[in-house]
Amino acid sequence: AFKVAESITEVVCNVVFYPSMHIVEEINDGDPAKLHRGIRTPVMFVTTRDAPALYSEDGRMYQELLQRNPNDCEYMQQREVKHNFLLRGDCQEPNVLEAIETSLLEAGNFMRKFLWPPPAGANAATLRLMCQEGDHELVHQLLSAGVPAAGRDARDVIGLMPMH
């Protein structure tokens with residue numbers, strides 16, 4: 001995914017479930033991070049309990065991505081499951097089905113921000129203004145279009161939330 005995202009300009013975001021660049025590091029001169037250094041798109045890492053520290057939220061790989069996209073990278077750790085849970089996990093095992101569902105839901109929410117963005121000019125500041133003015137129809141339209149009402153994505157450029 002990283003090599004494709006580096007060479008094709010149409011890629012707007014990446015979701016990486018249980019990253020494994022360290023497995024092919026010999027191809028990259030012994031540096032697993034070499035694969036993602038050209039990436040300028042937002043990235044979401046979904047790791048598991050047995051993921052190498054390299055991919056942890058404080059790990060080198062994620063921190064380098066975060067430096068390039070400080071507001072658009074996300075990290076999620078599924079502590080209850082092992083590597084490859086999404087494709088080969090046994091849904092009869094405890095926590096596997098829940099991890100699959102929450103990971104895919106969060107990945108979908110992450111991609112939606114970049115693949116199906118709100119209308120042009122519609123952001124947290126617009127939503128806050130419409131809340132203040134009492135324009136319930138436009139507030140509903142903005143929320144339906146994906147303008148976040150809460151969380152870190154809802155903050156406007158000066159750090160205010162739409163409904164404060």
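Residues numbered from 1 in each chain as written. Predicted model: local features only at pLDDT ≥ 70, side-chain atom pairs only at ≥ 80, totals over all residues. Heavy atoms only, no water.

**Remarks on a nonpolar patch on the surface**
Taken together, the side chains of V12, M111 and L115 present a nonpolar region at the surface, about 250 Å² in accessible area. In this fold, V12 is placed in the loop between α1 (2–7) and β1 (14–17). (Patch = residues over 30% accessible without salt bridge, like charges linked within 9 Å, V, L, I, M, F, W, Y side chains within 5 Å. Areas by Shrake-Rupley, 256 points an atom, 1.4 Å probe, with all protein chains shown as cover. Salt bridge = Lys/Arg side-chain N within 4 Å of Asp/Glu carboxyl O. Helix = DSSP H or I, 4+ residues; strand = E, 2+ residues; numbered from the N terminus.)

**Some remarks on the sheet that holds strand β3 (residues 74–78)**
Spatial strand order, β1-β2-β3: three strands in an open sheet with parallel pairing. The sheet is open, and its two borders are formed by β1 and β3, each paired with just one other strand. The sheet shows a mean angle of 10° between the axes of neighbouring strands, taken without regard to direction. Examined bridge by bridge, β1 and strand β2 (residues 43–48) share four bridges and lie parallel to one another. Its bridge partner lying in β2, N14 is registered against V43. (Pairing = 2+ DSSP bridges. Axes fitted to C-alpha atoms, helices over the stretch in contact; angles between N-to-C directions.)

**Overview of the layout of surface pockets**
Estimates place the volume of the second largest pocket at around 150 Å³. Residue lining of the second largest pocket: 13 residues in total, with V81, K82, F85, E93 and V96 positioned closest to the centre. Of the residues belonging to the lining of the second largest pocket, the class tally is four nonpolar, three polar and six charged. (1 Å grid on protein atoms, 1.4 Å probe; cavity = no way out; pocket = protein on both sides within 12 Å on 5 of 7 lines; lining within 4 Å. Points joined across faces, edges and corners; volume = space filled by probe spheres on them. Nonpolar A, V, L, I, M, F, W, Y, C, P; charged D, E, K, R; others polar.)

**So, the nonpolar core**
In this structure, F17, M44, V46, V81 and F85 are the most contacted members of the largest nonpolar core, which totals 13 residues. Those elements that place two or more of their residues in this core are β2 and α4 (96–115). For F85, the contacting residues outside a window of four places in its chain are Y18, V46, T48, Q78, V96, A99, I100 and S103. Ranked by size, the runner-up nonpolar core spans 12 residues in total, among them M21, V43, M61 and Y75. (Core = buried A, V, L, I, M, F, W, Y, C linked by side-chain atoms within 4.5 Å. Buried < 20%, exposed > 50% of the residue type's maximum accessible area, 1.4 Å probe, protein only. Contact = heavy atoms within 4.5 Å.)

**Observations regarding the environment of V43**
Note that V43 resides in strand β2. On the basis of relative accessible area, V43 is assigned to the buried category, the value being 0%. In the structure, V43 is positioned 67 residues away from F110 in sequence and 8.8 Å away in space, judged by C-alpha atoms.

**Describing helix α5 (residues 124–133)**
Within α5, burial applies to A124, L127, R128 and M130. All buried residues of α5 lie within an arc of 165° about the axis, which places them on one face of the element. Exposed and oriented more than 90 degrees from the buried face of α5 are Q132 and E133. Looking at the buried residues of α5, the elements they touch are α6 (136–144). A positive backbone phi angle near 75° is found at G134, which sits one or two residues after α5. (Arc of directions from axis to C-beta.)

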